Amino acid sequence: MEEPKWSGRASFVLASIGSAIGLGNVWRFPYIAYKFGGGAFLVAYIIVLILIGIPMLLLEFSIGYRFKGSAPYSFEKLSKERRMPVNFEWLGWFAVLVGFGIVTYYSVIMGWSFDYMFYSIKTAWGENTREFFYQRVLGLTHGVFDLGRISWPIVIGLLFSWVWIVLSIWKGAKTVGKVVYVTVTMPWVLLLIFVIRGLTLPGALQGVNFYLTPNWKELLNPALWHAAISQVFFSLTVGFGVMIAYASFLPEGSDIVNNSILIALADAATAFVSGFAVFSTLGYYAQLQGVQVSEVMKSGPELAFVTYPTIISKLPLASLFGVLFFLMLLTLAIDSAFSLVEAFVAALMDKFGIRRQFANIGVAVAAFVIGILYTTGAGLYWLDIVDYFMNHFGLFTVAFLESLVIGWLYGAQSMRDFANSVSERPMGTWWNFSVKFIVPLSSLLIFASALRDRIREPYGGYPRLAEVLGGWLILGVFLIVSIYLTNLKTKRSD
Ligand code: TRP
């Protein structure tokens, strides 16, 4: 079988950056930075990026590049090579399945953005953006078990997302390598437009002050470190097998140390710059309303689909900025979404030897059908629950075990020797320490604290049953499926 490869370094770097940069940079990072001490959080973020983020990125790149396969395939090979007591192929499956769990709702958010691009043309949300989003668009019901109606405009948006995803990875790395030239640069250009537009609005400076004024005392708050670690993992898309798959498409003679540093910094810089776009605009709005920035600050869907539309209506050229804003969200999200699908597709191809397009369409159809749940009136609740469980328990289980398997069973030193043998700049010994101790310990702590919280009370005030169905059951099924798949014979053999 002809292996797909990146056509050059730029394709690989752009694709990885595209996977990393997503909604998390724009709608999550600025809020968390503000909440945990502004400038002080930035310092913590950089520390976590260096101690955990870059090492994890290099770890996944090393695995993929060394074993030239998807996450499950690579873990199977490395388990066999070192005669490990357990075949860790299951861990690779679990990682891509958790990512798949995320992409089922991530694509729904893309669907909302798609619809909002059209609503922007006539600023259809009118005066009451909140009512428009929750009632008109989502048709939000009063409880998780009251599904209400399916929102057809969202289904159409979702369908659009999946067609776009499928086409973007049609011939694997070959197609992705071309698509990312557009889908990575476009959101950057658009973001820049929003930074300039935001900073030239009255009240902008007040907003930026809220964002950056450091509160150094926050550095003593464990919740800040917890938030920084979660944000770094989610933002870099490590722990989902994506970076393993992407590195497996690297041609001989590629560098991975320099590239992981470059990619991590580009991701962090984008998050940092996003903060200016978000906070300058909020500063303007706060001034307009005669309130504090803290009173208008929101994150997540509320920021993008309620607060931002309100402000856009007040700008000259509202329709234009509206369309550009939602186009920015779409192009930010698309390469994160397809990176995961590609990681899953690569895994299925390695395992079953099936044709790429077949796997590609199969994954898309499955995700689309599951995604319909999120287009119902209870969709937002389920999205919230699944998001929490995938990103806390799923992600940190993978991060914990991945670092242990490589750090202790495979040998951090031996993996680092490999990474350094192919890279221009060597990674220092401290990497061993990070992979053996810092990553597993911090992952374990986050997992344990989330577990303690969940034992005390169900997530987000939802009924326990909803948490069991949308959280534990899914993770349990992923685990069983992962083990089941591991026991099947792997088609690819080289
Ligand atoms: N890194 C992306 C962001 O910052 C999101 C992301 C993380 C993601 N893991 C994922 C998207 C898995 C799809 C699947 O927004």
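Scroll up to find the structure this text is about.
Residues numbered from 1 in each chain as written. Predicted model: local features only at pLDDT ≥ 70, side-chain atom pairs only at ≥ 80, totals over all residues. Heavy atoms only, no water.

### A closer look at the overall build of the chain
Worth spelling out the cut-off: Only DSSP runs of H or I reaching four residues or more are called helices, and only runs of E reaching two or more are called strands; each is numbered from the N terminus. In this setup the radius of gyration rests on C-alpha atoms only. A globule is expected at 2.2 Å times the number of residues raised to 0.38. For each residue, the accessible area found with a 1.4 Å probe, counting protein chains only, is set against the maximum for its type, and the residue is called buried under 20%, exposed over 50%, and partly exposed in between. Neither His nor the chain ends contribute to the count of charged residues, in which Lys and Arg are positive and Asp and Glu negative. Every charge is mapped to an atom, namely NZ of Lys, CZ of Arg, CG of Asp or CD of Glu.
The number of helices and strands found in the chain is 19 helices and zero strands. Relative to the 2.2 N^0.38 estimate, which gives 23 Å for 494 residues, the radius of gyration of the chain is 22 Å and therefore close to what a compact globule would have. Its C-alpha atoms give the chain principal-axis dimensions of roughly 65 × 50 × 45 Å. Looking at the chain residue by residue over its 494 residues, the buried ones come to 62%. Of the side chains in the chain, 34 bear a positive and 28 a negative charge, and the two mean positions are spaced by 3 Å.

### Some details on the site of the ligand
Filter applied, for reference: By convention in these notes, a residue is near a molecule or strand provided one of its non-hydrogen atoms lies within 4 Å of it. We define a polar contact as two N or O atoms separated by no more than 3.5 Å, with the added condition that, inside protein, one atom must be a possible hydrogen donor and the other a possible acceptor, whereas residues neighbouring each other in sequence contribute only through side-chain atom pairs. Here the Shrake-Rupley method, with its probe set to 1.4 Å, supplies the accessible areas, and only the displayed protein chains count as covering residues. Only protein atoms enter the 1 Å grid, on which a cavity is a set of points fitting a 1.4 Å probe that cannot get out and a pocket is an open set with protein on both sides within 12 Å along at least 5 of 7 lines, lining residues being those with an atom within 4 Å of a point. Throughout, a molecule is located in a cavity or pocket provided that more than half of its atoms lie within 2 Å of its grid points. All amino acids are sorted into three groups, where Ala, Val, Leu, Ile, Met, Phe, Trp, Tyr, Cys and Pro are nonpolar, Asp, Glu, Lys and Arg are charged, and the leftover types, Gly among them, are polar.
Taken together, 15 residues lie around the ligand, and Leu23, Gly24, Tyr106, Phe234 and Thr237 are the ones closest in. Ser19 is positioned such that a nitrogen or oxygen atom in its backbone is 3.4 Å from a nitrogen atom of the ligand. Separating an oxygen atom of the ligand from a side-chain N or O atom of Tyr106 is a distance of 2.7 Å. Considered on its own, the ligand offers 360 Å² of accessible surface; in the complex 100% of this is hidden by protein. The cavity that encloses the ligand is the largest cavity. For the shell around the ligand, the class distribution of residues is seven nonpolar, eight polar and no charged.

### A word on helix α1 (residues 9–20)
Heads up, the rule is: The span expected for a helix works out to 1.5 Å for each residue beyond the first.
With 12 residues, α1 extends 17 Å between its outermost C-alpha atoms, agreeing within 8% with the 16 Å of an ideal straight helix rising 1.5 Å per residue. Taken residue by residue, α1 has Ser11, Phe12, Val13, Leu14, Ala15, Ser16, Ile17, Gly18, Ser19 and Ala20 as its buried positions.

### Remarks on the packing of aromatic side chains
Two aromatic rings, taken as a pair, are described by how far apart their centres are and by the angle between their planes. Stated formally: Put simply, two rings from Phe, Tyr or Trp (the six-membered ring, in Trp's case) pair if the centres are within 6.5 Å, and we call them stacked under 30 degrees between planes, edge-to-face over 60, tilted for the rest. Note on geometry: a ring has a charge over it if NZ (lysine) or CZ (arginine) is within 6 Å of the ring centre and within 35 degrees of the ring normal.
Overall, the coordinates contain 55 aromatic pairs when judged by the stated rule. Ring plane angle 75 degrees and centroid distance 5.0 Å describe the contact between Phe29 and Tyr45, whose orientation is recorded as edge-to-face. With Phe29 in helix α2 (residues 23–35) and Tyr45 in helix α3 (residues 39–67), the pair connects residues that are 16 residues apart, well separated along the chain. Across the pair, exposure class does not vary: Phe29 and Tyr45 are buried alike. Sitting over the ring of Phe67, Arg66 keeps its end group 4.8 Å from the ring centre.

### Observations concerning the layout of surface pockets
Our working rule: Grid points are joined across faces, edges and corners, and a volume is the space filled by probe spheres set on the points.
In this structure, the largest pocket occupies an estimated 1100 Å³ of space. Along the walls of the largest pocket sit 35 residues, with Arg28, Ser299, Asp384, Asp387 and Tyr459 positioned nearest its centre. Those elements that provide at least two residues to the lining of the largest pocket are α2, α5 (89–121), α10 (222–236), α14 (300–313), α17 (379–422) and α18 (430–456). Broken down by element, the residue count for the lining of the largest pocket peaks at eight residues, all from α17. Of the residues in the lining of the largest pocket, the class split is 20 nonpolar, eight polar and seven charged.

### Thoughts on unusual backbone geometry
Even without being glycine, Arg83 reaches a positive phi, approximately 45 degrees. As for its placement among the helices and strands, Arg83 is situated in the loop between α4 (71–81) and α5. With relative accessibility at 76%, the residue Arg83 sits in the exposed group. At Thr237, a position not held by glycine, the phi torsion is positive, near 50 degrees. You can see Thr237 is positioned in the loop between α10 and α11 (242–248). Residue classification places Thr237 among the buried positions, given a relative accessible area of 9%.

### Looking at the packing of α5 against helix α19 (residues 464–486)
The condition is simple: Axis definition: a line fitted to C-alpha atoms, over the contacting stretch in the case of helices. Angles run 0 to 180 degrees between N-to-C directions. By definition in this entry, angles of less than 35 degrees are roughly parallel, angles greater than 145 are roughly antiparallel, angles of 65 to 115 are roughly perpendicular, and the rest are oblique. Each crossing gets its handedness from the near helix: less than a right angle anticlockwise from the far helix is left-handed, clockwise is right-handed. Contact between two residues is taken to exist if any of their heavy atoms lie within 4.5 Å; hydrogens are not considered.
Two numbers describe how α5 lies on α19: the axes approach to 8 Å, and their chain directions differ by 140 degrees. For the element pair α5 / α19, the angle class is oblique. Where α5 crosses over α19, the handedness of that crossing is right-handed. Contacts from Glu89, Trp90, Trp93, Phe94, Leu97, Val98 and Gly101 of α5 reach α19 at Leu475, Phe478, Leu479, Val481, Ser482, Ile483, Leu485 and Thr486. Of the residues belonging to the contact of α5 with α19, the class tally is 11 nonpolar, three polar and one charged.

### As for the environment of Lys35
Structurally, the position occupied by Lys35 is in helix α2. For Lys35, a relative accessible area of 47% puts it in the partly exposed group. Along the sequence, Lys35 and Met415 sit 380 residues apart, while their C-alpha atoms lie 38 Å from each other.

### As for the environment of Ala40
Looking at the element boundaries, Ala40 is found in helix α3. With a relative accessible area of 0%, Ala40 lands in the buried category. Along the backbone, Ala40 and Trp216 are 176 residues apart, and their C-alpha atoms lie at a distance of 5.3 Å. Residues within four places of Ala40 in sequence aside, it is in contact with Pro214, Asn215, Trp216 and Leu219.

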